[in-house]
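Chain by chain, the residues:
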Amino acid sequence: MSDIEKAIFKAKLELETITPEEIQRWAIEALEKDPSNDLALEICFLSTPQQVTTYFNQLSRSLFNTGLTKESVNNLLKDYIEKHLELIKSQELLFPFLQKLLALSKAVENEDLFELLNYYDDQFYLSFEGYTLSEPDAVFKDFINDLKDFLSTQS
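Bear in mind the structure is a predicted one, so any value in this text is a computation, not a measurement.

### Quick word on the nonpolar core
Counting 48 residues, the largest nonpolar core has F56, F97, F143 and L147 as the members making the most contacts within it. What F143 contacts, discounting residues up to four positions off in sequence, is L94, F97, L98, L117, Y120 and F124.

Right under this line is the structure:
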């Protein structure tokens, strides 16, 4: 269970849906319930939020490749997309969102999502640079619709 929890915390930190302080609080609560929880013990020895962040950043993304973990991280990706999709209103917000999703979809080997995101990454670039007749707003609307369609088929 510890590797699964590590992978989930790593993914949540990368998606910025949890803070290092929340992980530290989880560790304290987990130890109160089960003093032998190895991950909680490790985290409790990290005294600052920066140390918690560094700890999870140093973990290999290969953690995402176990079956249950892969499913869990895919569910986190889906939740993240559903919650943040409507908040993306500008290029400044779009590219960090897209890059996070690309990196995690690649790490969990969700090829369908990766291909969809990679396609739109290219389309946005071409549109913003004026290499296509498509306006960025039109590409964005198509992206949102295709991402929503993709999510609905993943349920």
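Next comes the rest of the account.
### Thoughts on helix α2 (residues 20-33)
In this model α2 runs 20 Å from its N-terminal to its C-terminal C-alpha over 14 residues, within 8% of the 20 Å that 1.5 Å per residue would give. Considered for burial, the residues of α2 that qualify are P20, I23, Q24, A27, A30 and L31. The arc that holds every buried residue of α2, seen down its axis, measures 125 degrees, which confines them to one face. Projecting away from the buried face of α2 at angles above 90 degrees are the exposed residues E32 and K33. Taken together, the buried residues of α2 touch α1 (2-15), α3 (38-44) and α4 (49-58).

### Focus: the packing of aromatic side chains
Evaluation of the coordinates by the stated rule reveals 13 aromatic pairs. Judged by centre distance (6.2 Å) and plane angle (25 degrees), the ring pair of F124 and F128 falls under stacked. One end of the pair, F124, and the other, F128, are both in helix α7 (residues 111-128), four residues apart, so they sit about a helical turn from each other. Taken together, the ring pairs in this structure connect F95, Y119, Y120, F124, F128, F140 and F143 into an aromatic cluster. Positioned above the aromatic ring of F114 is the side chain of K106, whose terminal nitrogen or guanidinium carbon lies 5.1 Å from the ring centre.

### Examining α4
Among the residues making up α4, those that are buried are V52, Y55 and F56. Here the buried residues of α4 occupy an arc of 90 degrees about the axis, which is enough to place them on one side. Exposed residues pointing more than 90 degrees away from the buried face of α4 are listed as Q50 and Q58. Where α4 is buried, its residues touch α1, α2 and α3.

### Looking at unusual backbone geometry
Of note in this structure, E16 is not a glycine but carries a positive phi near 60 degrees. Position of E16 relative to the elements: it lies in the loop between α1 and α2.

### Side note on the pattern of salt bridges
Inspection of every chain in the model, using the stated rule, returns four salt bridges. Connected through shared salt-bridge partners, K10, E14 and R61 make up one network.

### Considerations on the side chain of E14
Within the element layout of this structure, E14 appears in helix α1. In contact with E14, not counting residues within four places along its chain, are R61, K100 and L104.

### Quick word on the confidence of the model for the protein
Averaged over all residues, the pLDDT of the protein equals 87, while 98% of them reach at least 70. Here helix α5 (residues 67-84) stands out as the element of the protein with the lowest mean pLDDT, 78, in contrast to α2, whose mean of 96 is the highest.

### Brief notes about the packing of α7 against helix α8 (residues 136-154)
Two quantities define a packed helix pair, namely the angle between the helix axes and the distance between the axes. For the pair α7 and α8, interaxial distance at closest approach is 9 Å and the crossing angle is 175 degrees. Comparing the axis directions of α7 and α8 gives the class roughly antiparallel. Contacts from D112, L113, L116, L117, Y120, Q123, F124, S127 and F128 of α7 reach α8 at P136, V139, F140, D142, F143, D146, L147 and F150.

### Some remarks on the environment of K78
Residue placement: K78 occurs in helix α5. Among the residues examined, K78 registers a relative accessible area of 19% and is labelled buried. Counting along the chain gives 64 residues from K78 to D142, while the straight-line C-alpha distance between them is 18 Å.

Conventions adopted
- In this convention, every chain numbers its residues from 1, walking through the sequence in written order.
- Only residues with pLDDT of at least 70 get local features here, since the model is predicted, and only at 80 or more are side-chain atom pairs given and counted; chain-wide, interface and lining totals rely on the full set of residues.
- For the side-chain quantities, the full set of heavy atoms in the structure was used; hydrogens and water were omitted.
- Side-chain atoms within 4.5 Å are what join buried Ala, Val, Leu, Ile, Met, Phe, Trp, Tyr and Cys residues into a set we call a nonpolar core.
- Accessibility here uses a 1.4 Å probe with only protein chains present; expressed as a share of the type maximum, an area under 20% marks a residue as buried, one over 50% as exposed, and anything in between as partly exposed.
- Contacts were defined at the residue level, with two residues in contact if any of their heavy atoms lie within 4.5 Å.
- Strands are runs of DSSP state E lasting at least 2 residues, helices are runs of H or I lasting at least 4, and numbering of each runs from the N terminus.
- Multiplying 1.5 Å by the helix residue count minus one yields the expected span of that helix.
- Arc definition: it is the arc formed by the directions from the helix axis to the C-beta atoms.
- Working definition: rings of Phe, Tyr and Trp (its six-membered ring) pair if their centres are within 6.5 Å, and the pair is stacked with planes under 30 degrees apart, edge-to-face with planes over 60 apart, and tilted otherwise.
- Only when the NZ of Lys or the CZ of Arg is both within 6 Å of the ring centre and within 35 degrees of the ring normal is a charge said to sit over the ring.
- Salt bridge, as used here: a side-chain nitrogen of Lys or Arg that lies within 4 Å of a carboxyl oxygen of Asp or Glu.
- Confidence scores labelled pLDDT are given residue by residue by the predictor and lie between 0 and 100.
- Angles here are taken between N-to-C directions and fall from 0 to 180 degrees, while the axes themselves are lines fitted to C-alpha atoms, restricted in helices to the stretch in contact.
- If an angle is under 35 degrees, it is roughly parallel; if it is over 145, roughly antiparallel; if it lies from 65 to 115, roughly perpendicular; otherwise it is oblique.

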